[in-house]
Amino acid sequence: MQDLETLNRLFAKEAKVCFVEGQTGMPIIEVSTKKASATIALYGGQILSYKSNGMEHDLFYLSDKAIYQQGKAIRGGVPVCWPWFGEDPSNLGRQAHGFARNLLWNVLDCQLHDDIAEITLGLESTATSKQWWPSEFRLRKKIVIGDQLDISLTTENRGEIPFSISKALHTYFLVGEISQTTVVGLDGVDYLDKTLDFSKHTQVGDITPFAETDRVYLESPAHVQIIDQSLSRKIDIEQSGADNIVVWNPWTRASLLNDMNADDYGHFICVETANALANSVIIASGASHQMQVKYNVSSTASSP
Ligand SMILES: O=P(O)(O)OC[C@H]1O[C@H](O)[C@H](O)[C@@H](O)[C@@H]1O
């Protein structure tokens with residue numbers, strides 16, 4: 001593991017990007033520039049918070065009851081589900097959403113230009129990862145923190161044989177009130193509804209969750225929006241290299257989760273950039289696959 005002193009010596013940039021001890025001693029990257037502030041846990045390579053200059057509220061929900069402990073995923077921010085999304089596809093009893101969110105990532109690079117921070121984190125196959133998944137891989141996550149937030153996740157097959165992965169950037173967007181939140185851009189798109197045994201349906205109109213929502217949208221568009229009337233803001237989500245958008249809100253089942261307050265379901269929505277289920281990706285030996293997403297927040301108060 002890279003210790004804080006080494007991380008700061010190798011990668012810190014002025015007082016704008018530095019490495020500090022977070023909850024339960026976990027290393028955290030703190031970014032604070034003229035354009036934005038953000039925190040990223042090396043555990044899970046997980047962005048925990050992001051605020052561009054002038055934003056009153058964080059872009060992400062992070063649970064007060066999140067558990068910062070080896071083997072547990074941190075509830076909130078942008079967890080990385082990889083090399084599978086959802087339940088163990090082989091039914092071997094392995095952890096849901098893969099292991100990338102439960103391992104410590106390495107810092108590979110850190111740049112700062114014009115108050116835009118570019119941080120690259122990496123995860124590679126090790127004896128630990130091979131307990132769960134035999135493949136030789138290299139995973140790279142580049143996070144560009146400026147007026148908008150840009151995340152790309154690149155999977156490289158370093159082994160001799162092809163492998164198949166599913167994956168998601170499982171983003172928890174903070175919203176003021178779920179009842180005043182709408183996801184726009186999926187009208188007419190087919191989805192599989194996990195709450196109804198993965199049966200197929202077609203979206204009619206925009207989405208305003210009013211009950212447990214757990215859907216994998218198929219052939220998803222490259223651009224969707226979250227309109228949050230209670231915080232008077234709009235979040236533009238632009239994705240590439242991903243076939244699916246997953247929309248999740250546990251609703252009152254939040255009370256069954258030990259790392260979330262029972263009423264927190266009213267204050268976030270997960271809109272996830274994914275390659276899931278039948279849209280898993282096969283990566284040949286030596287090849288790589290990238291998925292990317294950009295988040296841009298603007299005030300609806302100033303919109304025409
Ligand atoms: O509790 P987690 O393992 O983090 O999963 C949280 C949720 O993630 C995704 O959005 C899935 O579609 C849901 O079915 C799942 O409940």
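Residues numbered from 1 in each chain as written. Predicted model: local features only at pLDDT ≥ 70, side-chain atom pairs only at ≥ 80, totals over all residues. Heavy atoms only, no water.

In the nomenclature of an unreviewed UniProt entry, the chain is known as Putative glucose-6-phosphate 1-epimerase of Methylophaga marina. According to the UniProt record, the Catalytic activity (unreviewed entry) comment for the chain reads "alpha-D-glucose 6-phosphate = beta-D-glucose 6-phosphate". (UniProt positions renumbered as here; feature names shortened; annotations may be inferred.)

A. Focus on the overall build of the chain. Counting its secondary structure elements, the chain contains two helices and 22 strands. Overall size of the chain, expressed as C-alpha extent along the three principal axes, is 50 × 45 × 35 Å. Classification of the 304 residues of the chain by burial places 53% in the buried group. Sequence-distant contacts in the chain: of pairs separated by 6 or more residues, those separated by 24 or more amount to 63%. Accessible surface computed for the chain: about 13,200 Å², of which carbon and sulfur atoms make up 47%. Considering the chain, the positive charge centre built from 25 side chains and the negative charge centre built from 37 side chains are found 4 Å apart. (Helix = DSSP H or I, 4+ residues; strand = E, 2+ residues; numbered from the N terminus. Buried < 20%, exposed > 50% of the residue type's maximum accessible area, 1.4 Å probe, protein only. Contact = heavy atoms within 4.5 Å. Areas by Shrake-Rupley, 256 points an atom, 1.4 Å probe, with all protein chains shown as cover. Lys, Arg positive; Asp, Glu negative; His and termini not counted. Charge placed at Lys NZ, Arg CZ, Asp CG, Glu CD.)

B. Spatial organisation of the sheet that holds strand β1 (residues 17-21). An order of β1-β2-β3-β4 is seen for the four strands of this open sheet, with the pairing classed as antiparallel. Of all the strands in the sheet, just β1 and β4 (46-52) have a single pairing partner and so form its edges. Sheet twist, expressed as the mean angle between neighbouring strand axes with direction ignored, is 15°. The pairing of strand β3 (residues 36-41) with β4 spans six bridges and is antiparallel. Within β4, the residue paired with isoleucine 40 across the bridge is isoleucine 47. Set on the sheet, helix α1 (residues 4-11) makes contact with β1 and β2 (27-32); between it and β1 the angle comes to about 180°. (Pairing = 2+ DSSP bridges. Axes fitted to C-alpha atoms, helices over the stretch in contact; angles between N-to-C directions.)

C. Molecular detail of the nonpolar core. In this structure, Ile29, Trp82, Ile145 and Phe173 are the most contacted members of the largest nonpolar core, which totals 75 residues. Apart from residues lying up to four places away in sequence, tryptophan 82 is in contact with His97, Gly98, Phe99, Ala100, Trp133, Phe137, Leu139, Leu153, Thr155, Ile165, Ser166 and Lys167. Ala168, Val216, Leu218 and Ala276 belong to the second largest nonpolar core, which has nine residues in total. (Core = buried A, V, L, I, M, F, W, Y, C linked by side-chain atoms within 4.5 Å.)

D. Inspection of the site of the ligand at higher detail. Close contacts around the ligand come from Arg75, Phe85, His97, Arg101, His170, Lys194, Asp214, Trp248 and Glu272, and that covers them all. The side chain of histidine 97 places a nitrogen or oxygen atom 2.9 Å from an oxygen atom of the ligand. Here aspartate 214 contributes a side-chain N or O atom positioned 2.5 Å from an oxygen atom of the ligand. For the ligand, whose unbound accessible area comes to 390 Å², protein coverage reaches 82%. A class-by-class count of the residues in the shell around the ligand yields two nonpolar, two polar and five charged. (Near = heavy atom within 4 Å. Polar contact = N/O pair within 3.5 Å; in protein donor to acceptor, adjacent residues only side chain to side chain. Nonpolar A, V, L, I, M, F, W, Y, C, P; charged D, E, K, R; others polar.)

E. Region of interest: the pattern of salt bridges. Within this structure, the stated rule accounts for 11 salt bridges. One salt bridge in this structure joins aspartate 147 and lysine 35, with 4.0 Å as the shortest N-O distance. Here aspartate 147 is found in the loop between β8 (137-145) and β9 (149-157), whereas its partner lysine 35 is found in the loop between β2 and β3, with 112 residues between them in sequence. Taking the relative accessible area as the measure of exposure, lysine 35 reaches 22% and is therefore partly exposed. Taking the shortest distance from any N to any O, the salt bridge between glutamate 212 and arginine 253 comes out at 3.4 Å. Taken together, the residues span a long stretch of sequence, with glutamate 212 in the loop between β15 (199-202) and β16 (213-217) and arginine 253 in the loop between β19 (244-249) and β20 (268-275) at a distance of 41 residues. Given the relative accessible area of 30%, glutamate 212 is considered partly exposed. (Salt bridge = Lys/Arg side-chain N within 4 Å of Asp/Glu carboxyl O.)

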